[in-house]
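Understanding the architecture of this molecule
Each chain, letter by letter, is given below.
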Amino acid sequence: MPLTVSEIELKIEALLGGLNVEVAMGEDAAADLKGYHKEINIILALIVAMAKKGPLIKPAGYGEPLLGKLYGFTKIKPKAISLRIVYRPIMLSSGKVRMEIIAIGPRDRERVYELAARRVVEFQAQMAKRFLENND
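Residues numbered from 1 in each chain as written. Predicted model: local features only at pLDDT ≥ 70, side-chain atom pairs only at ≥ 80, totals over all residues. Heavy atoms only, no water.

1. Thoughts on the environment of Leu66
The cut-off we apply is this: Under the DSSP-based scheme used, a helix requires at least four consecutive residues in state H or I and a strand at least two consecutive residues in state E, with every element numbered from the N terminus. Whether two residues are in contact is decided by their heavy atoms, any of which lying within 4.5 Å being enough.
Topologically, Leu66 is positioned in the loop between helix H3 (40–53) and strand S2 (74–76). Discounting chain neighbours no more than four positions away, the residues touching Leu66 are Tyr71, Gly72, Phe73, Thr74, Lys75, Val86 and Tyr113.

2. Some words on the environment of Arg88
Using the following cut-off: Using a 1.4 Å probe on the protein chains alone, a residue whose accessible area is under 20% of its type maximum counts as buried, one over 50% counts as exposed, and one in between counts as partly exposed. Residues adjacent in sequence count toward polar contacts only when both atoms are side-chain atoms; beyond that, a polar contact is any pair of N or O atoms within 3.5 Å, and within protein one must be able to donate a hydrogen and the other to accept it.
Mapped onto the fold, Arg88 is located in strand S3 (residues 83–91). With relative accessibility at 14%, the residue Arg88 sits in the buried group. Once the C-alpha coordinates of Arg88 and Gly72 are considered, the two residues, 16 residues apart in sequence, prove to be 6.1 Å apart. Ignoring any residue separated from it by four or fewer positions in sequence, one finds Arg88 in contact with Gly72, Phe73, Arg98, Met99, Glu100, Phe123, Gln124 and Met127. Looking at Arg88, its side chain comes within polar contact range of the side chain of Glu100, at 2.4 Å.

3. A look at the sheet that holds strand S1 (residues 21–25)
Defined as follows: Strands are treated as partners if at least two bridges between them are detected by DSSP. Axis definition: a line fit to C-alpha positions, over the contact stretch in the case of helices; interaxial angles, taken between N-to-C directions, run 0 to 180 degrees.
One open sheet holds the four strands; their spatial order is S1-S4-S3-S2, and the pairing between them is mixed. The outermost strands of the open sheet, each flanked by one partner alone, are S1 and S2. Taking each pair of neighbouring strands and ignoring which way they run, the sheet shows an average axis angle of 35°. As paired strands, S1 and strand S4 (residues 97–106) are joined by five bridges and run parallel to one another. Opposite Val23, over in S4, you have Met99 as the bridge partner.

4. With respect to helix H2 (residues 27–34)
Keep this limit in mind: When we speak of the arc, we mean the arc of directions from the helix axis to the C-beta atoms.
Every buried residue of H2 is accounted for by Ala29, Ala30, Asp32 and Leu33. What you see down the axis of H2 is that its buried residues fit within an arc of 155°, all on one side.

5. A short note on the side chain of Gln126
Tracing the backbone through its elements, the reader meets Gln126 in helix H4 (residues 111–134). When near neighbours in sequence (up to four residues on either side) are disregarded, Gln126 contacts Gly26 and Glu27.

6. Re the nonpolar core
The test is simple: Here, the term nonpolar core denotes a set of buried Ala, Val, Leu, Ile, Met, Phe, Trp, Tyr and Cys residues that are joined through side-chain atoms within 4.5 Å.
With 28 residues, the main nonpolar core has Ile12, Met25, Ile47, Met99, Ile101 and Ile104 as its most contacted residues. For this core, the elements supplying multiple residues, two or more each, are helix H1 (5–16), S1, H2, H3, S3 and S4. Looking at this core element by element, the count peaks at seven residues for H3. Once residues within four sequence positions are removed from consideration, Ile101 is found in contact with Val23, Ala24, Met25, Gly26, Ala29, Ile47, Ile85, Val86, Tyr87 and Phe123. Listed in part, the 14 residues of the second largest apolar core include Tyr113, Ala116, Phe123 and Phe131.

7. Digging into the pattern of salt bridges
Going by this rule: Within this document, salt bridges are pairs made up of a side-chain nitrogen of Lys or Arg and a carboxyl oxygen of Asp or Glu, the two lying within 4 Å of each other.
Here the structure, examined in full by the defined rule, presents eight salt bridges. Residues Arg119 and Asp32 are paired through a salt bridge, measuring 2.7 Å at the closest nitrogen-oxygen approach. In this pair, Arg119 sits in helix H4 while Asp32 sits in helix H2, placing the two residues 87 residues apart along the sequence. Taking relative accessible area as the criterion, Arg119 reaches 12% and is therefore assigned buried. One network of salt bridges, with partners in common, ties together Glu22, Arg88, Lys96, Arg98 and Glu100.

Below, the structure is given as structure tokens:
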């Protein structure tokens, strides 16, 4: 049975173990993750590793800035597995960092970036709605 977005986020939260980082996943990114069913635990471990290392964009963290429609986003580009994870790090007023994951896709030139760029508007609306609902 596939994991829901909430279940994925809870699993990541447990792996973060009290770190000052939270992870939010767009619905499309959760669907992307489900496509890598054999590698899910590896992908979650990569997200957690970046959260521990420093998820913000350089120079405040280790994320390489993306450009164009993906300005404000960064990526996780592991060498061990042929994929990319595109996310937006947000510094919250609480001092926490929220990693908002928009896409998980193949390390195939620009394909995952094109996918993420097509999702930006809907993704931003999803994230805004979720966090407005949680703060009411």
